[in-house]
Amino acid sequence: MTGVNFYRVRRTLGVWIPVIVLMFVVIAPFYWIFTGSIKAPQEIIQRVPTLFPQSFTLQHYDKLFSSSDFPQYLLNSTIVAALTMIVTLLLATPAAYSLYRLRFPGRDLIFKVILVTYAFPGILLLIPLYTMLTHIHLVDTLWALVIINVTFASPFAVWLMEAFFKAVPHELEEAAALDGADRATILARVMLPLIAPGLGSIAIYAFITSWTEYMFASVVIISDVNRTVPVGLAGIIGQYQVDWGLLLAGATITTLPVLMLFALVGRHFVEGLTAGAVK
Amino acid sequence: MRAKAGAFTIALIIGMLFMAWGPVSAQEDVVEIVFWHMEQPPHRVERIQQLIDEFNEAHPNIHVSQEPQNWAEIYAKAPAAVAAGNAPDLLFAIPDFTPIIRQVGAVQPVDDFVAEMDEAHGFFPSAVEPYTYDGHVWAVPLWNMAHSLWYHVDMFEEAGIEPPETWDEWLAAVEALTDEEAGVYGIGLPANRHLYTDQTVYDFMINAGAFELYNEDGTLRFDNPDTVEALDFYSQLYQYSPPDSPNWTWGEAEACFVSRTCAMILQFTVIKSYEDQGEGDPENLGVIPIPHAADLEESGTIAYPNAVMLLTDDPDKQEAAYEWLRFLLEPENYGRFLNMEPGLFLPVTEDGSEAESYWSDPLVVEYEAQIRVMLENSQNGMLFGFTGGNIFPSIAQISAQNLLAQTLQRVVIDGEAPADAVAWGQEQMIEAIEAAEE
């Protein structure tokens, strides 16, 4: 083997081995959950686990969809996550625009306050928020979850948009202003197309934050009909007696919307997180 | 076209609003009873709903509805709901949950109703006792759950050993049944910081004679030689438990048993999982009382009498709630209620324990011998902090921090001497109680 070939092989292995290890670490749990969900109950818990399913059944999915309210939980989670995503986009985008592109008194203070709210532990707000939501008759409604999720997702979203807004040259805004565009037009027509990756990032972030939120959903939602997936799934798998197949089927279905969203706009999310990392 | 569609939509919304308003107006005289329980698995919710539907049909002036909750969050959720004024009328309870709801001033005494039901159905005293303190009864018992020692009969037969009655026999059996090369462990015991570990630790304490956590004056007596003996024996058995058992809750222990990886476990029941996910052979499923130390004469076990608290102070609602509970405790309904999870929930009334509705469930018929042993074991059941007629609500602070489990962890995971760990445990309990009082 020549020196060049050896160097090339070593470089290739140096790149691919970590990638393969990383892929294994990331994919293995999903593989384990999915294959478990199609195994017979006896195979799921047998003494020596099977890497490849020796049996095949859809009974856990059948039970999940026919004997539980999981479809309702799925619908509720989708509604809450979609609304959280939309409202976060509608609030965070103009907020970030004004914070990073406009000059007004107290701007820095507002920015710091927003960051502080992001760092505030949610558990401390549990009881006050519950009481507040009761007074405005929002306990046990999906709107309550949307409001809470937006409250926690927006500060990070605003912060995340900083690099995107700062990357857009001021000259573009000035040119639009000279053409008679007002602030709203500049934001909608000039800025938004240029910060699309950022919008994708905060959309995914808001959706996932909402999709996986457990603590507030478990306390604020009372009736089964309004329950979201994380809380509903925790309930239906049982406490003293765990139905492992049902649990794995539920976990598989729960990951699907997130995977689909990532498949659609995941590239923007990665771009969003790395934007501004190298300047 | 758009204008027409808009008008149609508005008309539809208005129509729906009127429709929604109509039934409410028509049902003004109906007393609404909302009750929260923590039996969330779908088949349990379905069984409760069947009973609710029957009750509502037979009682047109009462409308009962269920709102299933989860034990994991009810400790935060229920006080928040009470504080916000939207608590349910009935709320399920276990003994150490009741003092927490009492602290927020929501629980109504149910002395007269419990006396009435006792006369009608005969409550087992051990089910009422944990809810009787400060001069009142604070919840209506509904069912009991008690640990037993579950084992695979054929494993014992192949090893030529008898089911153990004392600790020496138990240790010998566990040693004989462990074959790590074959992946078989003589016993599965948890060491997680979790309620399941609290429960199994207390099983050992009871069977060492250390069942009283408090002296009569309310001071703690956790740090005593019997507790040390219990933890010492736990650690002896624990070395034959699977390596992943430090992370176990009930489900993992049950899976270990059902998959025949564990020859024995301590559990409320394994029947449903054994039938659905395991070998499903009643002849091969053994259950016995938990073995005891040599100096004791009989076995005891941890038991959780589950009950329901009355939260509403509206007299009409109270009477409607009592009517619903009367319905549930009637023998022809009670068995069906308990069998929302056959082989787990045990009757707490004398006529309920003989009810045809209880013993006729197909799974109960199949595993009748095991369930009769469970029922017998539950008669010797007790719960930490609720023993000897003295109830100390501060047990809620000890339970909340899983201090029994934490003490055990110092022995079986950190390798600390049992006596030192028990002394540490008592200190932590005192601190937890003092912190709550501040």
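Being a predicted model, the structure only gives us computed values, none of them experimental.

## Some remarks on the overall build of chain A
Now for step 1: Helix and strand counts for chain A come out as 14 helices and zero strands.
Now for step 2: Ordered by position in the sequence, the α and β elements of chain A form the string α-α-α-α-α-α-α-α-α-α-α-α-α-α.
Now for step 3: A compact globule built from 279 residues would reach a C-alpha radius of gyration of about 19 Å, whereas chain A, at 24 Å, exceeds it by more than 25%.
Now for step 4: With respect to the three principal axes, the spread of C-alpha positions in chain A is 75 × 70 × 30 Å.
Now for step 5: Evaluated residue by residue, chain A yields a buried proportion of 44% over its 279 residues.

## Regarding the interface of chain A and chain B
Now for step 1: Taken residue by residue, the interface counts 32 residues in chain A and 44 residues in chain B.
Now for step 2: A combined buried area of about 3000 Å² lies between chain A and chain B, and 55% of that area is made up of carbon and sulfur atoms.
Now for step 3: Its largest share of buried area at the contact with chain B, chain A owes to Arg47, Tyr240 and Gln241 of chain A, together 29% of the area lost on that side.
Now for step 4: Along the contact surface separating chain A from chain B lie zero salt bridges.

## A look at the sheet that holds strand 9 (residues 285-288) of chain B
All names here are of chain B.
Now for step 1: What the three strands build is an open sheet, ordered 8-7-9; its pairing is antiparallel. Where the open sheet ends on each side, the last strands, each with one partner, are strand 8 (264-267) and strand 9. When the angles between neighbouring strand axes are averaged without regard to direction, this sheet yields 30 degrees.
Now for step 2: With four bridges connecting them, strand 7 (residues 148-152) and strand 9 associate as antiparallel partners. Paired with Leu149 across the strands is Ile288, a residue of strand 9.
Now for step 3: Contacting strand 7, strand 8 and strand 9, helix 11 (residues 250-258) runs over the sheet at an angle of about 150 degrees to strand 8.

## Here we look at the packing of aromatic side chains
Now for step 1: Applying the stated criterion to the full structure yields 32 aromatic pairs over all chains.
Now for step 2: Ring centres of Phe156 of chain A and Tyr205 of chain A lie 4.3 Å apart, and the angle between their planes is 45 degrees; on these two criteria the pair is classed as tilted. Here Tyr205 of chain A lies in helix 11 (residues 196-212) and Phe156 of chain A lies in helix 7 (residues 142-160), a separation of 49 residues in the sequence. Here the two residues Phe156 of chain A and Tyr205 of chain A agree in accessibility, since each one is buried.
Now for step 3: Looking at Lys39 of chain A, its charged tip hangs above the ring of Trp32 of chain A, at a distance of 4.9 Å from the centre.
Now for step 4: Above the face of the Trp138 of chain B ring, Arg102 of chain B is positioned so that its terminal group lies 3.9 Å from the ring centre.

## Quick look at the pairing of strand 11 (residues 306-310) of chain B
Residue and element names in this part refer to chain B.
Now for step 1: Most of strand 11 is tucked away, with five of its five residues classed as buried.
Now for step 2: Every second residue of strand 11 is oriented toward a common face, with Asn306, Val308 and Leu310 on one face and Ala307 and Met309 on the other, all of them buried.
Now for step 3: Where strand 3 (residues 90-93) lies against strand 11, four bridges are found, and the strand directions are antiparallel. Bridge pairing in strand 11 places Leu90 opposite Leu310.
Now for step 4: Across three bridges, the pairing between strand 6 (residues 140-143) and strand 11 is antiparallel. Residue pairing for strand 11: Pro141 is matched across the bridge by Ala307.

## Comments concerning the pattern of salt bridges
Residue and element names in this part refer to chain B.
Now for step 1: All told, the structure shown has 18 salt bridges over all chains when counted by the stated rule.
Now for step 2: For the salt bridge of Glu416 with Arg410, the shortest nitrogen-to-oxygen distance reads 3.1 Å.
Now for step 3: Residue classification places Arg410 among the partly exposed residues on the basis of a relative accessible area of 23%.
Now for step 4: Within the structure, one salt-bridge network assembled from shared partners comprises Glu116, Glu319, Glu323 and Arg326.

## Quick word on the environment of Ile101 of chain B
All names here are of chain B.
Now for step 1: With respect to the helices and strands, the residue Ile101 is situated in helix 4 (residues 98-103).
Now for step 2: Between the C-alpha atom of Ile101 and that of Val82, which follows or precedes it by 19 residues, the distance is 8.3 Å.
Now for step 3: The contacts of Ile101, once residues within four sequence positions are left out, are Ala78, Pro79, Leu91, Ala106, Val107, Met309 and Leu311.

## A closer look at helix 3 (residues 59-66) of chain A
Now for step 1: Residues of helix 3 of chain A that are buried include every one of His60, Tyr61 and Leu64 of chain A, and no others. Taken around the axis of helix 3 of chain A, the buried residues stretch over an arc of 95 degrees, which confines them to a single face.

## Structural notes on the sheet that holds strand 1 (residues 31-37) of chain B
All names here are of chain B.
Now for step 1: If you trace the five strands from one edge of the open sheet to the other, you get 2-1-3-11-6, paired in mixed fashion. The two strands at the open ends of the sheet, each matched to only one other strand, are strand 2 (62-68) and strand 6. Between one strand axis and the next, the sheet turns by 25 degrees as a mean value, whatever way the strands run.
Now for step 2: Sheet contacts for helix 14 (residues 331-338): strand 3 and strand 6; angle to strand 6, the most-contacted strand, approximately 60 degrees.

## Points about unusual backbone geometry
Now for step 1: Of note in this structure, His137 of chain A is not a glycine but carries a positive phi near 60 degrees.
Now for step 2: Summarising the element assignment, His137 of chain A is placed in the loop between helix 6 (126-135) and helix 7.
Now for step 3: The phi torsion at Arg260 of chain B lies on the positive side, around 65 degrees, for a residue other than glycine.
Now for step 4: Structurally, Arg260 of chain B can be placed in the loop between helix 11 and strand 8.

## Description of the domain arrangement of chain B
Residues and elements named next belong to chain B.
Now for step 1: What the domain assignment lists for chain B is domain 1 (30-145 + 304-381) and domain 2 (148-302 + 393-437).
Now for step 2: Centre-to-centre separation of domain 1 and domain 2, based on C-alpha positions: 28 Å.
Now for step 3: Listed per partner, the contact involves 18 residues of domain 1 and 26 residues of domain 2.
Now for step 4: Between domain 1 and domain 2 the total buried area reaches about 2000 Å² when both faces are included, carbon and sulfur atoms providing 65% of it.
Now for step 5: If you sort the residues of domain 1 by the area they bury against domain 2, Tyr304, Tyr367 and Gln370 come out on top, with a joint share of 29%.

## Quick notes on the side chain of Ser399 of chain B
Now for step 1: By the secondary structure assignment, Ser399 of chain B is in helix 18 (residues 395-400).
Now for step 2: Taking the relative accessible area as the measure of exposure, Ser399 of chain B reaches 10% and is therefore buried.

## Some words on the nonpolar core
Proteins that are soluble and globular tend to have nonpolar side chains buried together.
Now for step 1: With 173 residues, the main nonpolar core has Leu91, Phe97, Trp170, Phe204, Met264, Trp324 and Phe337 of chain B as its most contacted residues.
Now for step 2: Looking at this core, the element that brings in the most residues is helix 13 (residues 315-329) of chain B, giving eight residues.
Now for step 3: Looking at this core, you find at least three residues from each of domain 1 (30-145 + 304-381) and domain 2 (148-302 + 393-437) of chain B.
Now for step 4: Formed by 26 residues, the second largest nonpolar core is a distinct cluster that contains Tyr97, Ala176, Val190 and Ile195 of chain A.

## Some thoughts on helix 11 of chain A
Now for step 1: Counted at 1.5 Å a residue, the expected span for helix 11 of chain A with its 17 residues is 24 Å, and the 24 Å between its end C-alpha atoms agrees.
Now for step 2: Burial of helix 11 of chain A is extensive: 13 of the 17 residues sit out of reach of the surface.

What counts and what doesn't
- Residues numbered from 1 in each chain as written.
- Chains lettered and ligands numbered in written order.
- Predicted model: local features only at pLDDT ≥ 70, side-chain atom pairs only at ≥ 80, totals over all residues.
- Heavy atoms only, no water.
- Helix = DSSP H or I, 4+ residues; strand = E, 2+ residues; numbered from the N terminus.
- Rg over C-alpha atoms; globule rule 2.2 N^0.38 Å.
- Buried < 20%, exposed > 50% of the residue type's maximum accessible area, 1.4 Å probe, protein only.
- Contact = heavy atoms within 4.5 Å.
- Buried area = accessible area lost by both parts, 1.4 Å probe.
- Salt bridge = Lys/Arg side-chain N within 4 Å of Asp/Glu carboxyl O.
- Pairing = 2+ DSSP bridges.
- Axes fitted to C-alpha atoms, helices over the stretch in contact; angles between N-to-C directions.
- Phe/Tyr/Trp six-rings, centres within 6.5 Å; stacked < 30°, edge-to-face > 60°.
- Lys NZ or Arg CZ within 6 Å of the ring centre and 35° of its normal.
- Arc of directions from axis to C-beta.
- Domains from an automatic or database assignment.
- Core = buried A, V, L, I, M, F, W, Y, C linked by side-chain atoms within 4.5 Å.
- Expected span 1.5 Å × (residues − 1).

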